[in-house]
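Commentary on secondary and tertiary structure
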Amino acid sequence: TEKDEYKYSGSKNGVTWKRKVENHLISVAPVLQDILEWTESAEHEKITRDFICRATSVRLSREQVVIVNAAIWGFLSAAVSGTAETLFNGADRLNGFDGWRRLINYISHGEKVHLETLRRAMKVAVEKPIPPMDKLGEGLAEFETAVKSYEDAGGEIYNDESKKMDLLKVLPGDLGIDLIWKAEDPKNGFNGLKDHIISMIGKMLQVKKKLPLHAVV
């Protein structure tokens, strides 16, 4: 556990740390894949050694459980520090499975809070009116970034139709109304609509720049 990638203080990158450590443990003992998943599902229920032995009796002998449990405890005890170490120390000595449960429960809770924060940020972004035409590119980028951050973090995928309709609602002036026909075309996904808007705005700004200062219609 000397590698930094296996170190965890509880302050950040919990999900990444969990994946790396989980992959390492499973590579050493593939039988741990299902056992670790079962351990995580216990959430707030303390995992005792007897409980582990009963749950894994089909795959591991009692002696094997004791050895594996202690090995995981040793690995994790050398990897954690700070808040993570405090949480881990709540498990009994040599009970690595319960220590793992405590750490993953903490990480999962933090992930849910982070996801909710991103969801709120996305809602604000998709409901915030996009600035006038000369700033429309920035507004579109902010809209897309908020949605992508939420989806990448594991949030519900924002379907194309909803994304298109929400984009039309926040476009400046009557632009959204004028583009409803374009959004309704089944051949145009969100990216197609976005590219059309950017292209159209670019042309409109070019025409606007070419017009005389006191153009008479």
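Here the structure is a predicted model, which is why all the values come from computation and not from measurement. (Residues numbered from 1 in each chain as written. Predicted model: local features only at pLDDT ≥ 70, side-chain atom pairs only at ≥ 80, totals over all residues. Heavy atoms only, no water.)

Description of the packing of helix H7 (residues 136–152) against helix H8 (residues 160–170)
At a minimum axis separation of 12 Å, H7 and H8 run at an interaxial angle of 145°. Read as a crossing pair, H7 and H8 show a hand that is right-handed. On H8, the residues touching Leu-140, Phe-143 and Val-147 of H7 are Lys-163, Asp-166, Leu-167 and Val-170. Looking at the contact of H7 with H8, its residues break down into five nonpolar, no polar and two charged. (Axes fitted to C-alpha atoms, helices over the stretch in contact; angles between N-to-C directions. Helix = DSSP H or I, 4+ residues; strand = E, 2+ residues; numbered from the N terminus. Left-handed = near helix turned anticlockwise from the far one by under 90°. Contact = heavy atoms within 4.5 Å. Nonpolar A, V, L, I, M, F, W, Y, C, P; charged D, E, K, R; others polar.)

Side note on helix H1 (residues 14–28)
Between its first and last C-alpha, H1 extends 21 Å over 15 residues, near the 21 Å set by a 1.5 Å rise per residue. Regarding H1, the residues found buried are Gly-14, Trp-17, Lys-18, Val-21, Glu-22, Leu-25 and Ile-26. Each buried residue of H1 lies within a common arc of 150° when the element is viewed along its axis, so the set occupies one face. (Expected span 1.5 Å × (residues − 1). Buried < 20%, exposed > 50% of the residue type's maximum accessible area, 1.4 Å probe, protein only. Arc of directions from axis to C-beta.)

Points about the confidence of the model for the chain
Averaged over every residue, the pLDDT of the chain is 81; residues scoring 70 or more account for 87%. Ranking the elements of the chain by mean pLDDT puts helix H10 (residues 180–184) last with 72 and helix H4 (residues 62–79) first with 94. Note on residues 213–217: pLDDT under 50 across the span, and zero contacts to partners over four residues away in sequence or across chains. (pLDDT = per-residue confidence, 0-100.)

Regarding the nonpolar core
With 27 residues, the main nonpolar core has Trp-17, Val-21 and Leu-76 as its most contacted residues. Mapped onto this core, the elements with two or more residues apiece are H1, helix H2 (32–41), helix H3 (49–55), H4, helix H5 (82–88) and helix H6 (96–127). What Trp-17 contacts, discounting residues up to four positions off in sequence, is Glu-5, Tyr-6, Lys-7, Tyr-8, Leu-76, Trp-100, Leu-103 and Ile-107. Residues Ala-125, Leu-136, Leu-140 and Phe-190 belong to the second largest nonpolar core, which totals 21 residues. (Core = buried A, V, L, I, M, F, W, Y, C linked by side-chain atoms within 4.5 Å.)

Here's the deal with the packing of H1 against H2
Where H1 contacts H2, the two axes come as close as 9 Å, and the packing angle between them is 140°. For the element pair H1 / H2, the angle class is oblique. Considering the relative orientation of H1 and H2, their crossing is right-handed. Here Lys-18, Glu-22, Leu-25 and Ile-26 of H1 lie close against H2, whose contacting residues are Leu-32, Gln-33, Leu-36 and Glu-40. (Parallel < 35°, antiparallel > 145°, perpendicular 65-115°, else oblique.)

A word on the packing of aromatic side chains
Overall, the coordinates contain six aromatic pairs when judged by the stated rule. When the ring of Trp-17 is compared with that of Trp-100, the centres are 5.9 Å apart and the planes differ by 35°; the resulting orientation is tilted. With a gap of 83 residues between them, Trp-17 in helix H1 and Trp-100 in helix H6 connect regions that are remote in the sequence. A single burial state applies to Trp-17 and to Trp-100, both of which are buried. An aromatic cluster of at least three residues, connected via ring pairs, comprises Tyr-8, Trp-17 and Trp-100. The ring of Phe-190 is capped by Lys-163, whose NZ or CZ atom sits 4.9 Å from the centre of that ring. (Phe/Tyr/Trp six-rings, centres within 6.5 Å; stacked < 30°, edge-to-face > 60°. Lys NZ or Arg CZ within 6 Å of the ring centre and 35° of its normal.)

Considering the environment of Leu-94
Note on placement: Leu-94 falls in the loop between H5 and H6. Note on Leu-94: relative accessible area 40%, which makes it partly exposed. Between the C-alpha atoms of Leu-94 and Ile-72, which are 22 residues apart in sequence, the distance is 8.1 Å. Setting aside anything within four residues of it in sequence, one finds Leu-94 in contact with Arg-49, Asn-69, Ala-70 and Trp-73.

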